[in-house]
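Residues per chain are reported as follows:
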Amino acid sequence: MHNRRNILAGAGAAALLAGSLAEGRAQPKKIKTLKAVVHADLKIVDPVWTTAYITQRHANLVYDTLFALNAKFEPKPQMVESYTLSPDGLKYTFTLRPGLVFHDNQPVRPVDCIASIKRWSARDPMGQLLATFITEMAVVDDRTFSMTLKEPYGLVLDSLGKATSPPYIMPERLANTPPNEQVTDPTGSGPFMFKKDEWRPGNRAVYLRHPGYVPRSEPPDYLSGGKIAKLDRLEWIYIPDNNTVLSALQAGEIDYFEAPPLDFIGMLKGSPDISVLNIDSLGVQGLIRPNTLHPPFDKYEGRQALLHLIDQAEYMGAVVGDASLYMPFCGAYFLCNSDNETAVGSEPLRKPDYAKAKALLAQAGYVPGQKIVVLQPTDRPQYNAATTVLISGLRKAGVTVDVQSADWSTITSRRTRRDPPDKGGWNLFITTHGGPDTSMPVSNVWFNSKCERANPGWACDPELEKLISAWAREPDRAKRHAGIEEIQRRAYVSVPYVPFGQFFQPVAFRKNVTGVLAAGQPVYWNIDKS
Amino acid sequence: MLRIVLRRLGATIPVMLVVAVVVFLMLHLSAGDPAAIIAGDNATEEDIALLRKSLGLDRPLAEQFVQWIWQLAQGDLGVSIFNRVPVATMIAQRMEPTIALTVLTMTLAVSLAVPLGVLAAWRVGTWVDHTIMALAVAAFSCPVFLIGYALVQQFARTWKVLPVQGYTPLSEGLVPFLLHLALPAISLGLIYTALLARMTRSTMLEVLGEDYIRTARAKGLGVRQVLLQHGLRNAAVPIVTTIGLGIALLIGGVVVAESVFAIPGIGRLTVEALQQRDYPVIQGVILVSSLAYVLVNLLIDLSYLLLDPRIRY
């Protein structure tokens, strides 16, 4: 289509061409570039140092993993060509695929994998758990290494292939960096190379196809299979204003919008040049986190009372709006649509019962007039909307609510305080989480009920932890599934958190972009642009 | 002149020291913990504590302050807590778009506002004056984001003659550089045009009532000479002051315009650093912005000497 901008651009290009010819220079070969607007600014490039989603997505481009999940959430070999498990279930032997090289063209060696696993297991909760079972990791030959366990453990491969924060394989020289120190050298093993000299924090991150990457031969399947980089260059752009992103996408200035606000989806679906795709069958779970250190939520009854305040449709209406983007009801702690979905124990969550909530709060020692401190984030629209619904529900149950508003950064700091609510502490706040990690008891960090070692809120239920531990030791996947019901039944007694709904975040892209994968998160291999 | 410049530059040192102390204390005593933000939701308290230690944020405040001042004295603004990039590099990267936007905005504003203000003063009370002032009030009353969205809708989405967003450095060509800055410069420029036009008009009205203007007219000088040589020159001091303050404000960062047009400038850097509690970046940006403010004010003061020989320091 001819328009005035094309004419202006054409004039500019002609001027540049004339200049180049005058200087006797050849024009560079046209490269295939995808411009994607990402959900957050990439600030940190070390996926062990932070669990920020944007850094994990950066890591998916730059690093490869030993195993990766398929669409059934089963761990499948990725960098690993084959593996064996000894009959006693104590020794794994992994053989790497031939020809794997890092971005500096050095071969990927078993010693790199061992060092990467060690660094990761010092920080990641599932890695920490795995480390308690490992007695030794040793190099067998130039493509093989072994992992010896002190007792059989059912989640070795699930840990190595977890969807978020898996052990990304980096060169040994980088993986030997202490886990609390940031790695700033982005030399990786993945299908794209990070172009550090073009990185402009707050604006742009650039990736180039890694010509030495050897993809698997299988077709891509969720996060597993062949990671074929069809783009020469990928530009991640950070634009804080969503209206600007929408205009830029419609004008064709950008190709891919990673996290369009949910209230834009209807408009985007109606646009002839734009496709909208839900790439995440699991979606996002909203949760209310009670502080178990202070009354009335230090008692089971106090936390159970919260279950009776919930009308998930009301929460989802406020947070999402478009009914096609959320589940009408989901009582599964480990997400609906997941391998571990069950509705067991979720009856109190199905329909609000304010009288019952009031009675349970009284049993927990709540005295009318006692202030319940709710932290309300002002700069996160979804959290803010859900908190407003929560406040309304608490008031209907006769609770005196002390709403303390702040930006999310302040709340992430405030929520770590253990002081009583009237001395700088808190009673309730809202957050979200999602993906395959949420769908397993050992990697769902807000489900962790290890008291002092649990996330803020300090959920504490040794009985629940005992059930989780037994579940994790079970090597048979089918038997593990049965254990989930017992775990969830117990969770609805001690209530580490209250799930208030499950919703989906689609991506939007221009119609000349093809091969977008439903991998649970935006990934950029297999994507092509015409 | 040189003595004045040196004396004024010397006076900036205590100002900058006060700014440094206030900024440091306000940041470190306010709520928020960069270690908790970096560690993310999956981190345990133990992880956060270890991270805080590795970042040196667990040390006594006085020790952190002394170290920062010592670094400053050596010309080192430190490194970002998050990406370990030197703060000076980050500011330099963000300063170019901000300065470019400032220059274009003020060029546009001055070239429109001064003639309009002079014209309105010359035609005071007529429809010309009323029209110019009505437009000025309208432009001044519109928020930048509203003007920005309206311009994007018309120029970028309907007519498709200008890009929606982004910034292209001058080194990549004058045409894309100007195309990308056109809409943000117009959005901001309209407001500064309105402000300057009103200031020019009111100052000119005051000057045009002076005896020396009547004398100039009585001598038979033409309109152009009376307005520009005798009128505008004598009205220049407050106009230049307003222009200078405008430049200082723009250099300090124009968050809304930078956000609406996705320009990676100083304003967005400041907001992002504040949201993340990236202390070295916030401290560096505020110091540099304060320095820019002081220097622009110095230039304004020096310009007075040229514009009005009666002024002495």
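Residues numbered from 1 in each chain as written. Chains lettered and ligands numbered in written order. Predicted model: local features only at pLDDT ≥ 70, side-chain atom pairs only at ≥ 80, totals over all residues. Heavy atoms only, no water.

Time to look at the pattern of salt bridges. Opposite charge on two side chains makes pairing possible when the charged atoms of those side chains draw close. Counted by the stated rule, this structure contains 39 salt bridges over all chains. When the shortest N-O distance is used, the salt bridge between A:R109 and A:D112 registers 3.0 Å. Judged by its relative accessible area of 36%, A:R109 is partly exposed. Taking the relative accessible area as the measure of exposure, A:D112 reaches 1% and is therefore buried. Between B:D129 and B:R201 there is a salt bridge, with its nearest N and O atoms 2.6 Å apart. Highlighted residues: B:D129 in helix α6 (residues 127-141) and B:R201 in helix α8 (residues 174-208), separated in sequence by 72 residues. With a relative accessible area of 19%, B:R201 lands in the buried category. It is possible to trace a salt-bridge network through shared partners that takes in A:K195, A:D197, A:E198, A:R204, A:R233 and A:E235. (Salt bridge = Lys/Arg side-chain N within 4 Å of Asp/Glu carboxyl O. Buried < 20%, exposed > 50% of the residue type's maximum accessible area, 1.4 Å probe, protein only. Helix = DSSP H or I, 4+ residues; strand = E, 2+ residues; numbered from the N terminus.)

On to the packing of helix α9 (residues 211-218) of chain B against helix α10 (residues 223-251) of chain B, then. Residue and element names in this part refer to chain B. Packing of α9 against α10 leaves a shortest axis separation of 11 Å and a crossing angle of 170°. In this view, α9 runs roughly antiparallel relative to α10, as classed from their interaxial angle. Taken together, the residues of α10 that come into contact with α9 (itself represented by Y212, I213, A216 and R217) are V226, H230, G231 and N234. Each residue belonging to the contact of α9 with α10 can be placed in one class, and the counts come to four nonpolar, three polar and one charged. (Axes fitted to C-alpha atoms, helices over the stretch in contact; angles between N-to-C directions. Parallel < 35°, antiparallel > 145°, perpendicular 65-115°, else oblique. Contact = heavy atoms within 4.5 Å. Nonpolar A, V, L, I, M, F, W, Y, C, P; charged D, E, K, R; others polar.)

Here we come to the sheet that holds strand β17 (residues 498-503) of chain A. Residue and element names in this part refer to chain A. Within the open sheet, the five strands sit side by side as β15-β14-β16-β13-β17. Their pairing is mixed. Each edge of the open sheet carries a strand with a single partner, namely β15 (400-406) and β17. Between one strand axis and the next, the sheet turns through 30° on average, direction left out of account. As judged from the seven bridges shared by strand β13 (residues 284-290) and strand β16 (residues 428-434), these two strands associate in the antiparallel manner. Looking at the pairing, G286 lines up with T432 of β16. Lying on the sheet, helix α10 (residues 312-319) is in contact with β13 and β17; it crosses β17 at an angle near 55°. (Pairing = 2+ DSSP bridges.)

Moving on, we get to the interface of chain B and chain A. On the chain A side, the residues contacting the 49 residues of chain B number 49 residues. Summed over both partners, the interface of chain B with chain A buries about 4,300 Å², with 51% contributed by carbon and sulfur atoms. Counting across the chain B and chain A interface gives one salt bridge. Here chain B is connected to chain A by 16 residue pairs in polar contact (both at pLDDT 80 or more). If you list the elements that add at least two residues to the side of chain B that touches chain A, you get α2 (34-39), α3 (45-54), α5 (87-122), α7 (144-158), α11 (255-260) and α12 (266-276) of chain B. Broken down by element, the residue count for the side of chain B that touches chain A peaks at seven residues, all from α3(B). Here the side of chain B that touches chain A is built from residues that sort into 26 nonpolar, 11 polar and 12 charged. (Buried area = accessible area lost by both parts, 1.4 Å probe. Polar contact = N/O pair within 3.5 Å; in protein donor to acceptor, adjacent residues only side chain to side chain.)

What follows is about the domain arrangement of chain A. All names here are of chain A. Split by domain assignment, chain A resolves into domain 1 (4-62 + 181-279 + 508-529), domain 2 (67-175) and domain 3 (284-503). A C-alpha centroid distance of 29 Å is found between domain 1 and domain 2. Listed as interface residues are 33 residues of domain 1 and, on the opposing side, 31 residues of domain 2. Of the roughly 2,500 Å² buried at the junction of domain 1 and domain 2 (both faces included), carbon and sulfur atoms supply 54%. Three residues, V48, T187 and R216, lead the burial of domain 1 against domain 2; their summed loss comes to 25% of the area buried on that side. (Domains from an automatic or database assignment.)

Cis geometry is adopted by the peptide bond preceding A:P296, which originates at A:P295 and carries an omega value of 0°. Counting through the fold element by element, A:P296 comes out in the loop between β13 and α9 (300-307). Even without being glycine, A:V495 reaches a positive phi, approximately 50°. Along the chain, A:V495 falls in the loop between α15 (477-494) and β17. Within the chain, B:A262 stands out as a residue other than glycine whose phi angle is a positive 50°. Note on placement: B:A262 falls in the loop between α11 and α12.

Right, let's talk about a nonpolar patch on the surface for a bit. Residues and elements named next belong to chain B. On the surface, L2, L6, L9, L291 and L295 cluster together to form a nonpolar patch covering roughly 440 Å² of accessible area. Elements supplying a minimum of two residues to the nonpolar patch: α1 (2-29) and α13 (279-307). Among the elements that make up the nonpolar patch, the one with the highest residue count is α1 (three residues). Checked against the element boundaries, L291 lands in helix α13. (Patch = residues over 30% accessible without salt bridge, like charges linked within 9 Å, V, L, I, M, F, W, Y side chains within 5 Å. Areas by Shrake-Rupley, 256 points an atom, 1.4 Å probe, with all protein chains shown as cover.)

Further remarks concern the confidence of the model for chain A. Chain-level statistics for chain A give a pLDDT mean of 93 and a share of 95% at 70 or above. For residues 1-25 of chain A, every residue scores under 50 in pLDDT, and the model assigns this stretch 19 contacts once sequence neighbours within four places are set aside. (pLDDT = per-residue confidence, 0-100.)

Moving on, we come to the packing of aromatic side chains. Residues and elements named next belong to chain A. Counted under the stated rule, the structure contains 29 aromatic pairs over all chains. Look at F67 and Y83: their rings are 5.4 Å apart centre to centre, the planes differ by 75°, and that puts the pair in the edge-to-face class. Placement of the pair is F67 in strand β2 (residues 67-69) and Y83 in strand β4 (residues 80-85), with a sequence separation of 16 residues. Under the relative-accessibility criterion, Y83 is labelled partly exposed at 36%. (Phe/Tyr/Trp six-rings, centres within 6.5 Å; stacked < 30°, edge-to-face > 60°.)

A separate point is the domain arrangement of chain B. Residue and element names in this part refer to chain B. By the assigned domains, chain B splits into domain 1 (2-73) and domain 2 (88-307). The centre of domain 1, based on its C-alpha atoms, is set 33 Å off from the matching centre of domain 2. Listed as interface residues are 21 residues of domain 1 and, on the opposing side, 18 residues of domain 2. When domain 1 packs against domain 2, close to 1,700 Å² is buried across both sides, 76% of that on carbon and sulfur atoms. For domain 1, the biggest contributors to the area lost against domain 2 are R8, M16 and L27; these three give 32% of the whole. Across the domain 1-domain 2 interface, the total number found is one salt bridge. Note that D301 and R8 form a salt bridge whose closest N and O atoms lie 2.5 Å from each other. Our count for the contact surface shared by domain 1 and domain 2 stands at two residue pairs in polar contact (both at pLDDT 80 or more).

All names here are of chain A. By the element assignment, P499 lies in strand β17. Residue classification places P499 among the buried residues on the basis of a relative accessible area of 1%. Taking the C-alpha atoms as reference points, P499 and G286, separated by 213 residues in sequence, lie 5.7 Å from one another. When near neighbours in sequence (up to four residues on either side) are disregarded, P499 contacts Q285, G286, L287, I310, Q312, Y333, L349 and Y492.

All names here are of chain B. Mapped onto the secondary structure, A248 falls in helix α10. Take A248: its relative accessible area is 3%, and that puts it in the buried class. When the C-alpha positions of A248 and I191 are compared, they lie 15 Å apart, and in sequence the two are 57 residues distant.

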